[in-house]
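Structural description and commentary
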Amino acid sequence: GDVLAELLGRLMDQCSRAHAARQSLPFALGRARDALLRIVRWRFPARDEGETGPEGDGAWREDEEPQPRQPDSWAQGSVPVLRVRPSPCSGEVRRDTPPPPPPKQPNSSLPPRLGPGWASPVGKG
């Protein structure tokens, strides 16, 4: 049993090596041929002969300017958005106004001074 399995294993190993040896040369030649053809096609592209009489068939005339379309109800900004919030008086509704911009900070190119704590700026608690 073991002798037969070992002989079959060796036979299959030699068969696969012989098959790979037979296939390696045609495979390598095919890949080299494909690579050379790709390089030649890239280096020497086919010449476009063009069209015969393109002026007469109207294909080279300028297109007309398209008419502008009316925006539909799904277009951005076509439906106004009102944000409302209840007013202090009951029954009244007022428009929500955007908050005012934050006050500008003085532009300082110096880093803040550090206090005695854990890298906390002086005067900042």
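Just so it is clear, the structure is predicted and the values come from calculations on it, not from any experiment.

A few points about the overall build of the protein chain
Counting secondary structure elements, the protein chain contains 1 helix and 2 strands. Burial status across the protein chain gives 2% buried among its 125 residues. Accessible surface computed for the protein chain: about 13300 Å², of which carbon and sulfur atoms make up 59%.

What about helix H1 (residues 2–43)?
Quick reminder: α-helices carry 3.6 residues per turn. Residues three or four places apart thus point the same way. Here H1 contains 42 residues, and its C-alpha end-to-end distance of 60 Å stays within 8% of the 62 Å for a straight helix at 1.5 Å per residue. When the local axis directions of H1 are compared, the greatest deviation, roughly 30°, occurs at Ser-24, which is followed within four positions by the proline Pro-26. With respect to burial, H1 is a largely exposed element, only 0 of its 42 residues being buried.

A short note on the packing of aromatic side chains
Tallied over the entire structure, the rule returns 0 aromatic pairs. It is Arg-43 that lies over the ring of Phe-44; its NZ or CZ is 5.3 Å from the centre.

A word on a negative patch on the surface
Judged by side-chain charge, Glu-62, Asp-63, Glu-64 and Glu-65 come together as a negatively charged surface patch. Among the structural elements, Glu-65 can be located in the loop between H1 and strand S1 (84–86). Given the relative accessible area of 67%, Glu-65 is considered exposed.

Quick word on the pattern of salt bridges
A full pass over the atoms with the stated rule returns 3 salt bridges. Of the charged contacts in the structure, one is a salt bridge between Asp-34 and Arg-33, with a shortest N-O distance of 3.2 Å. On the basis of relative accessibility, which here comes to 37%, the residue Asp-34 falls in the partly exposed class.

Here is what the cut-offs are and how they apply
- Residues numbered from 1 in each chain as written.
- Predicted model: local features only at pLDDT ≥ 70, side-chain atom pairs only at ≥ 80, totals over all residues.
- Heavy atoms only, no water.
- Helix = DSSP H or I, 4+ residues; strand = E, 2+ residues; numbered from the N terminus.
- Buried < 20%, exposed > 50% of the residue type's maximum accessible area, 1.4 Å probe, protein only.
- Areas by Shrake-Rupley, 256 points an atom, 1.4 Å probe, with all protein chains shown as cover.
- Expected span 1.5 Å × (residues − 1).
- Bend = angle between axes of the 7 residues up to and from the residue.
- Phe/Tyr/Trp six-rings, centres within 6.5 Å; stacked < 30°, edge-to-face > 60°.
- Lys NZ or Arg CZ within 6 Å of the ring centre and 35° of its normal.
- Patch = residues over 30% accessible without salt bridge, like charges linked within 9 Å, V, L, I, M, F, W, Y side chains within 5 Å.
- Salt bridge = Lys/Arg side-chain N within 4 Å of Asp/Glu carboxyl O.
- Lys, Arg positive; Asp, Glu negative; His and termini not counted.
- Charge placed at Lys NZ, Arg CZ, Asp CG, Glu CD.

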